[in-house]
Amino acid sequence: MKTELVYSLTQTFEEHAQQTETGVEYWLARDLQHLLGYAEWRNFGAVISKAKMACEVSGHPVSNHFVDVNKMVDLGSGSQREIDDLILTRYACYLIAQNGDPKKQEIAFAQTYFAVQTRRAELIEQRLLDAERVSARKKLSATEKELSDVIFEQTGGNQDFALIRSKGDHALFGKSTQVMKAQWKVPDSRPLADFAPTIILKAKDFATEITIFNAREHQLSSERAISKEHITNNEAVRKTLLERGIRPESLPPAEDVKKVERRLATENKKALKTPGALDY
């Protein structure tokens, strides 16, 4: 397929994209029919039916991606007639392309086009999740640094910080820090939190924030008092997680957050060199 045609088809597809009031991107099936080289709605309707079945088999609610609508069209006589149409998400368009006639040049293009665009969306989503985890880890580090400062201010030293933190871990996981490090295969020289899922990072951060607040509010001035407070808060957070079906010690480890951070930094550098480009 010639470069000029690829560029033309890409521009045409993007020009027909619309957005809902909430910013969700969509195409109208009647527009897509012609973009994909189908002269008759009846034939294109058969392709849509196959795409709906593929959507259902993949575990996605059909109604989230294929929405029936009616619209008025102008007739040659100057009158109007109501016809059926569908609002299609990008994923729905991808499924339609995959179930279309591959002999059609437009279908051959669309199969690759929507597959790439869908993959781009997946990559963006993963990068957002990675960035969220890195941010949660940095936030926990800052909060634990503040707890260390509070311990120093109110007990005269912060040599008990590691002990207090480990007691909090035991209360949150129901297992010691060392047992969890062995379970998650965390190197001895690395913090357990560097391999914790985002939900655990935020849970630890929340419990630590409460400890800081109450340690200051109640002027807790001993390791024993602060440890008791920290244990209570981690037990409360654990109880909440368990009630929501999340067992902290049963969660698998996440990727080393340092690797995630390096990957994000590398991808950001690439993006600056090639604006608008994504690897796929």
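Placed above this text is the structure.
Residues numbered from 1 in each chain as written. Predicted model: local features only at pLDDT ≥ 70, side-chain atom pairs only at ≥ 80, totals over all residues. Heavy atoms only, no water.

**Considering the pattern of salt bridges**
Selection rule: Whenever Lys or Arg places a side-chain nitrogen within 4 Å of a carboxyl oxygen from Asp or Glu, that contact is recorded as a salt bridge. Labels follow the DSSP assignment, with helices taken as runs of H or I lasting at least four residues and strands as runs of E lasting at least two, numbered in each case from the N terminus. Three labels apply to residues, based on accessible area from a 1.4 Å probe with only protein chains included: buried if under 20% of the type maximum, exposed if over 50%, partly exposed otherwise in between.
In the structure shown here, the tally under the stated rule is 20 salt bridges. A salt bridge links lysine 202 to glutamate 132; its shortest N-O distance comes to 2.6 Å. Taken together, the residues lysine 202 in helix H8 (residues 198-217) and glutamate 132 in helix H5 (residues 105-155) connect sequence positions 70 residues apart. Here lysine 202 falls in the partly exposed class, since its relative accessible area comes to 42%. Since its relative accessible area comes to 35%, glutamate 132 is described here as partly exposed. A salt bridge links arginine 216 to glutamate 146; the nearest nitrogen and oxygen atoms lie 2.8 Å apart.

**Some details on the nonpolar core**
The following threshold applies: Take the buried Ala, Val, Leu, Ile, Met, Phe, Trp, Tyr and Cys residues and link them wherever side-chain atoms come within 4.5 Å; each set so joined is a nonpolar core. By definition in these notes, contact holds between two residues if any of their heavy atoms fall within 4.5 Å.
Counting 27 residues, the largest nonpolar core has Phe13, Leu32, Leu36, Phe66, Leu88 and Ile96 as the members making the most contacts within it. At the level of secondary structure, the elements contributing two or more residues to this core comprise helix H1 (3-15), helix H2 (29-35), helix H3 (41-57), strand S4 (80-88), helix H4 (90-98) and H5. Considering each element in turn, this core owes the most residues, six residues, to H4. Ignoring sequence-local partners within four residues, the contact set of phenylalanine 66 consists of Ile48, Ala51, Lys52, Cys55, Leu86, Ile87, Leu88, Ala92 and Ile96.

**Considering the packing of aromatic side chains**
Filter applied, for reference: In this scheme Phe, Tyr and Trp rings, the latter by its six-membered ring, pair at centre separations within 6.5 Å, and the angle between planes marks the pair as stacked below 30 degrees, edge-to-face above 60, and tilted otherwise. Criterion for a charge above a ring: Arg CZ or Lys NZ at most 6 Å from the ring centre, at most 35 degrees from the ring normal.
Summed over all chains, the structure comprises five aromatic pairs. Seen from their ring centres, tyrosine 38 and phenylalanine 44 are 5.4 Å apart, and the 50° between their planes marks the pair as tilted. Connected via pairs of aromatic rings, a cluster forms that spans Tyr38, Trp41 and Phe44. Above the ring of tryptophan 41, the side-chain terminus of arginine 30 is found at 3.9 Å from the ring centroid. One Lys or Arg, lysine 104, reaches over the ring of tyrosine 38 and ends 4.8 Å from the middle of that ring.

**Describing the pairing of strand S2 (residues 25-28)**
Rules: By the convention used here, strands pair only if DSSP detects at least 2 bridges between them.
Pairing of strand S1 (residues 18-19) with S2 involves two bridges; the strand directions are antiparallel. Bridge pairing in S2 links glutamine 18 to tyrosine 26. Joining the antiparallel neighbours S1 and S2 is a turn of five residues, in which glycine 23 adopts a positive phi near 90°. Looking at chain direction, S2 and S4 are connected through two bridges and run antiparallel. Residue pairing for S4: leucine 28 is matched across the bridge by isoleucine 87.

**Regarding helix H6 (residues 161-173)**
Because each turn of an α-helix spans 3.6 residues, side chains separated by three or four positions end up pointing in the same direction. As a reminder of what qualifies: The span one expects for a helix is its residue count, reduced by one, times 1.5 Å.
Taking 1.5 Å as the rise per residue, H6 with 13 residues should run 18 Å; its terminal C-alpha atoms sit 18 Å apart, in good agreement. Those residues of H6 that sit buried are Phe161, Ile164, Gly168, Asp169, Ala171, Leu172 and Phe173. At the C-terminal side of H6, glycine 174 shows a positive phi close to 75°.

**A word on the packing of H3 against H4**
Helix packing geometry: the angle between the two helix axes and the distance between the axes. Put simply, the rule reads: To get an axis, a line is fitted to the C-alpha atoms, and for a helix only the part in contact is used. The angle between two axes follows their N-to-C directions and goes from 0 to 180 degrees. Between 65 and 115 degrees an angle is taken as roughly perpendicular, under 35 as roughly parallel, over 145 as roughly antiparallel, and anywhere else as oblique. Each crossing gets its hand from how the near helix is turned against the far one by less than a right angle, where anticlockwise is left-handed and clockwise is right-handed. As a working rule, the residues Ala, Val, Leu, Ile, Met, Phe, Trp, Tyr, Cys and Pro are called nonpolar, Asp, Glu, Lys and Arg charged, and the rest polar, with Gly in that last group.
Interhelical geometry of H3 versus H4 gives an angle of 115° and a closest axis separation of 8 Å. As summarised for this structure, H3 and H4 are arranged roughly perpendicular, according to the angle between their axes. Two packed elements cross with a definite hand, and for H3 against H4 that hand is right-handed. Along the contact surface, H3 presents Phe44, Val47, Ile48, Ala51, Ala54 and Cys55, while H4 presents Tyr91, Leu95 and Ile96. Partitioning the contact of H3 with H4 into residue classes produces nine nonpolar, no polar and no charged.

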